[in-house]
Amino acid sequence: MINTIVRILFMAYMAHASIDRETVSTDDYESYSIWTSEEIKVKLDKWKDVYPDFFHMTSAQEKYGLPAAGSDADCPFHDVTGCHNFIITIQDFITHPEGSYTSARLPEVYWSGCLHGNERVGPTSVMHAASLLLQAASCEALPRTKDKDEIAAARKCRHELEKKGISEHQRKWLARLVSTRRIVMTPTTNALGYYKNKREEGRIDPNRDFPYDVKDPEDCMQTIAGRTVNEIYREHLFQLSLTFHAGTEVVGYEWGAPHWLGKLSPDDVAQVSVGSAYSNYGGGWSASKAYAYGTMNDLVYYVRGGMEDWAYAGSWDPDRVVQCEPTSFDGYPKEKTRYNNSTLRIFNMLIETSDDKEPKLHLGNSVDVLNKDTKGNGHISRNIRLALLAAELVEPYVSVFKVNELRLSDDVVPLLTAGEESCRKGNTVMVAKNTQQVDISWTVGGSMTIDNTEVWYAKLDDVEGRDLDCLKHPSDMAGFVKGEIIGGTNGTSAFSSNGAFPTPKVDEPDGPIFTGRISIPSSTKPLDQIVIYVSARVDQDWKNAPSETYAPLVGPQSHIANVRTNPDWHHESAGKFVDGRLDWFSRPLYVILGDFEDAIGTQSGHTVGTLEHNVRFENHNAGQGGVLPKSARKERMWFPVDMTFLLLLGALVLALCLFCACLCRSDGSEKFAPVVQMDDEDDYAFDSAPFSDRADTELELRPMS
Ligand SMILES: *[C@@H]1O[C@H](CO)[C@@H](O)[C@H](O)[C@H]1NC(C)=O
Ligand SMILES: *[C@@H]1O[C@H](CO)[C@@H](O)[C@H](O)[C@H]1NC(C)=O
Ligand SMILES: *[C@@H]1O[C@H](CO)[C@@H](O)[C@H](O)[C@H]1NC(C)=O
Ligand SMILES: [Zn+2]
């Protein structure tokens, strides 16, 4: 009885706390303004210190030995001559250390803040996008241990993000993007031009400086901005990139070179799809419509030497590529503009941010910045979203978020070291002994159309010796059985014009939501394990030829269209790999048949038979390496509670409290407090799932063989 009262009070407390946490204070928002070169440099220097595991910074001068444009008088905030072109890499350097197998296979995205120095929305937008990614990823990585300070820090940063209107799902989404992609950016690509608020770098226009459809070899790679981009591209296999400009409001793609005037590109179907997503997620407001999207030749004007067509076709349309022999800055090696078959197959979309090159009004604010329908929409806000969307769309993924009624606490936890062990820890649930079926729910991201999705399962013993890994897709599904799909097997992404379908419920991730069911094989004994994968096939229309005139008459040439439609697509360059596949798999989910009956929690009127093995308090590597001996580890279980139920119950208890105010006033707080301390006080707080009596149960997972 006491126990029940305590539990109810505890739940009331939880419900109350969660209501508090949802209150967004308007003191916390930031009205965007356009940052100067110096302000950008100060931020970058700070991030370098604060986020060493996620953020690397160099410059074209330091990395590639390029000269700096400008004189002593330019960019005086750093004590070198001229303006350095800063290059930022955002990556989870612990999960994917430089030089590792998985690092070489991260899908790559590039953001150029500005090629024209007086077009000023881009640099600040990419900086804010980077800032959100870094904040979310570093927050989501916490806590790594049971250390009180870490738990406090974890709680604080979640609270801060929430106050800014970044919901729990959005925080997890941003963290996933950081931990599963490599994002490279040059906030001020034309560093000198941005510093001087001038279009050109010196006297040369960097966006006429790329060796595509140029007539004279002396007329390309004249600028340091152009060479910076060239050097970066040669080192990567980007699939998506954004090049920010201003002067009109357009998302533009191929073709934009005079040679192809009046023609669509062979990748037009995919380009329309991606372009429409940018337009849609960017949105508009009273003074500005959502971006028009279409070919640069139609919507802007053609250029020779433009970055976009060079990045898209430089590897496969050699007839348009010249090898540059510029004379500026003591020349530039000719071989640097000879490209192999892999490097330049990118959707390098042109974003013309705003009619004003430096808009003074409607820059937007940070309130709910990830929602396009926010009142704070504006030029910076919408381009923050565009940048993040490029990172989203670069690779399809499947994320399981619910098992039976249990919401999994974590999606991708950054800064985990790779390997089966850590993978398994973060993706294990236990179900009651008498469970016959397990329902799971997932979302599919990184794509626009979900053609099909399936769920697969096997007893772990039956797939013994298979390479089951969180960071690699399984090579095939031999030994696995297909589960049942409940409801639709196809759908559309949240970024499509009709929105996510199947539609998420309140408090589900923003993407399309699918549900499947697996049957526990009858031979399964308590503590046996079942491994589940969900797969999705997406964007198969991207392989289609455009219905209108296109040229040249070849199939899609981009990495991004081929990677998801053509399993024979393999490219390797500069130590990076791009591999095509039709099916994209979730991380493996392990279900252990428990040694308990399905009785836990029935006393609260809510049947719960699913426990989560939470990865949080394991000793996973935060940079130092090393694994605790097994005997020192505790398998901590979480007790799932349906929040709706909690809120209802909380409301009931609060109502009761109003009836007997004295109880509430005099005893309430003291009563709540000891209850909260009953378990390790802080443990539950970053998660909505409080402990049960079983919370401290130690469970020996069956050793992995
Ligand atoms: C392709 O070219 C890049 C430079 O553009 C180079 O780093 C890479 O090694 C080349 N790859 C192959 C397979 O030749
Ligand atoms: C270049 O790559 C394309 C696409 O993978 C391939 O079809 C073609 O054979 C390659 N060309 C050369 C010369 O390797
Ligand atoms: C989606 O699935 C439904 C059945 O659930 C089917 O009727 C429909 O044709 C499918 N749509 C596409 C585009 O495959
Ligand atoms: Zn421009």
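What this report covers is the structure whose coordinates are included nearby. Along every chain, residues carry numbers that run from 1 in the direction the sequence is written. Lettering for chains starts from A, numbering for ligands starts from 1, and both go in the order in which the items are written. Since the coordinates come from a predicted model, pLDDT governs what is reported: local features require at least 70, and pairs of side-chain atoms require 80 or more to be given and counted, while whole-chain, interface and lining totals use all residues. As a convention, hydrogens and water are excluded, and side-chain values are obtained from all of the structure's heavy atoms.

This part is about the overall build of the protein chain. Elements are defined by DSSP. Helices are runs of H or I of four residues or more, strands are runs of E of two residues or more, and each kind is numbered from the N terminus. Regarding its fold elements, the protein chain presents 16 helices and 24 strands. Accessibility here uses a 1.4 Å probe with only protein chains present; expressed as a share of the type maximum, an area under 20% marks a residue as buried, one over 50% as exposed, and anything in between as partly exposed. Relative to its full complement of 705 residues, the protein chain shows a buried share of 60%. Note on contacts: a residue pair is in contact if any heavy atoms of the two residues lie within 4.5 Å. The long-range fraction of contacts in the protein chain, counting pairs at least 24 apart against all pairs at least 6 apart in sequence, stands at 81%.

In this section: the site of ligand 2. The immediate surroundings of ligand 2 are formed by Asn341, Arg345, Trp569 and His571. Contacts described as polar in this section are N or O atom pairs within 3.5 Å, which, within protein, must combine one atom able to donate a hydrogen with one able to accept it, while residues neighboring in sequence count only if both atoms come from side chains. Asn341 is positioned with one of its side-chain polar atoms (N or O) 2.3 Å from an oxygen atom of ligand 2. His571 places a side-chain nitrogen or oxygen 2.8 Å from an oxygen atom of ligand 2. All accessible areas in this document rest on Shrake-Rupley with a 1.4 Å probe, and a residue is counted as covered only by the protein chains that are shown. Against a free-state accessible area of 360 Å², the protein chains account for coverage of 35% of ligand 2. Per-class residue counts for the shell around ligand 2 are 1 nonpolar, 2 polar and 1 charged. Nearness here has a simple test: a residue counts as near a molecule or strand if at least one of its heavy atoms is within 4 Å of that partner. Under the scheme applied here, ten amino acids are nonpolar (Ala, Val, Leu, Ile, Met, Phe, Trp, Tyr, Cys and Pro), four are charged (Asp, Glu, Lys and Arg), and all others, including Gly, are polar.

A few words now on empty space enclosed by the protein. For cavity detection a 1 Å grid was placed over the protein atoms alone, and a set of points counts as a cavity when a 1.4 Å probe fits there but cannot get out; an open set counts as a pocket when protein lies on both sides within 12 Å along at least five of seven lines, with lining residues being those that have an atom within 4 Å of a point. Grid points are joined across faces, edges and corners, and a volume is the space filled by probe spheres set on the points. A complete count under the given rule lists 7 cavities of 30 Å³ or more for this structure. Of the pockets and cavities examined, the second largest cavity occupies roughly 100 Å³. In this structure, the second largest cavity is lined by Arg176, Val398, Ser399, Val400, Leu408, Asp410, Asp411, Asn427, Ser586, Arg587, Pro588 and Leu589. Looking at which element gives the most residues to the lining of the second largest cavity, the answer is strand 9 (residues 397–403), with 3 residues. Partitioning the lining of the second largest cavity into residue classes produces 5 nonpolar, 3 polar and 4 charged.

Distances from the zinc ion (ligand 4) to its protein donors, namely His116 (ND1), Glu119 (OE), Glu119 (OE) and His245 (ND1), fall within the range 2.0 to 2.6 Å. Counted as coordinating are nitrogen, oxygen and sulfur atoms within 2.8 Å of the metal, or 3.2 Å for Na, K and Ca, while water is not included, which may make sites look incomplete. In these descriptions, tetrahedral denotes four donors with every angle between 85 and 135 degrees, square planar four donors and octahedral six donors with opposite donors over 155 degrees apart and the rest between 65 and 115, and irregular any other case. One way to put it: the 4 donor atoms around the zinc ion (ligand 4) meet at angles of 55 to 151°, and that makes the site irregular. On the primary sequence, the residues serving as donors to the zinc ion (ligand 4) are separated as H-x2-E-x125-H. Taken together, the positions of Glu119 in the loop between strand 3 (108–112) and helix 4 (121–140) and His245 in strand 5 (residues 238–245) put the pair 126 residues apart, joining distant regions of the chain. The same class applies to Glu119 and to His245, which are both buried.

Here we come to the layout of surface pockets. Here the second largest pocket defines a volume of roughly 810 Å³. Forming the walls of the second largest pocket are 37 residues, and the residues nearest its centre are Glu395, Leu471, Lys472, His473 and Arg581. Elements with a minimum of two residues in the lining of the second largest pocket: helix 6 (168–180), strand 9, strand 20 (576–579) and strand 21 (584–585). Broken down by class, the residue content of the lining of the second largest pocket amounts to 17 nonpolar, 9 polar and 11 charged.

Most of strand 13 (residues 449–459) sits inside the fold, with 8 of its 11 residues counted as buried. At least two bridges found by DSSP between two strands is the condition for calling them paired. As defined by bridge partners, strand 13 adjoins strand 16 (residues 491–492) across 2 bridges and the pair is classed as antiparallel. Bridging from a neighbouring strand, Thr449 pairs with Thr492 of strand 16. With 9 bridges joining them, strand 13 and strand 18 (residues 529–538) adopt antiparallel strand pairing. If you follow Glu454 over to strand 18, its bridge partner there is Ser535. Pairing of strand 13 with strand 14 (residues 481–482) involves 2 bridges; the strand directions are antiparallel. Of the residues in strand 14, the one forming a bridge with Tyr457 is Val481.

Attention shifts here to the site of ligand 1. Within the structure, ligand 1 sits among Arg234, Asn340, Thr343, Glu572, Ser573 and Ala574. A distance of 3.4 Å separates a nitrogen atom of ligand 1 from a polar side-chain atom of Ser573. Contact with the protein chains covers 56% of the free accessible surface of ligand 1, which is 360 Å². Here the residues of the shell around ligand 1 are counted per class, giving 1 nonpolar, 3 polar and 2 charged. Domain borders in the structure are assigned automatically or taken from a domain database. If you count residues domain by domain, the shell around ligand 1 takes at least three from each of domain 2 (31–393) and domain 3 (397–593).

Time to look at the side chain of Thr374. The residue Thr374 is located in the loop between strand 8 (347–352) and helix 12 (379–393) in this model. Owing to a relative accessible area of 11%, Thr374 belongs among the buried residues under this scheme. Every residue in contact with Thr374, bar those within four places of it in the chain, is listed here: Val367, Asp368 and Arg385.

Disulfides are defined as cysteine sulfur pairs within 2.5 Å. Tallying each qualifying case throughout the model produces 3 disulfides. The disulfide bridge from Cys75 ends at Cys83, spanning 2.0 Å between sulfur atoms. Between Cys75 and Cys83 the sulfur-sulfur dihedral comes to about 95°; the bridge is accordingly right-handed. Considered together, Cys75 and Cys83 belong to a single accessibility category, that of buried residues. Between the sulfur atoms of Cys139 and its disulfide partner Cys157 the distance amounts to 2.0 Å. Disulfide Cys139-Cys157: torsion about the S-S bond near 85°, hence right-handed. Taken together, the residues span a long stretch of sequence, with Cys139 in helix 4 and Cys157 in helix 5 (residues 148–163) at a distance of 18 residues. For Cys139, a relative accessible area of 1% puts it in the buried group. Overall, the relative accessible area of 15% leaves Cys157 in the buried class.

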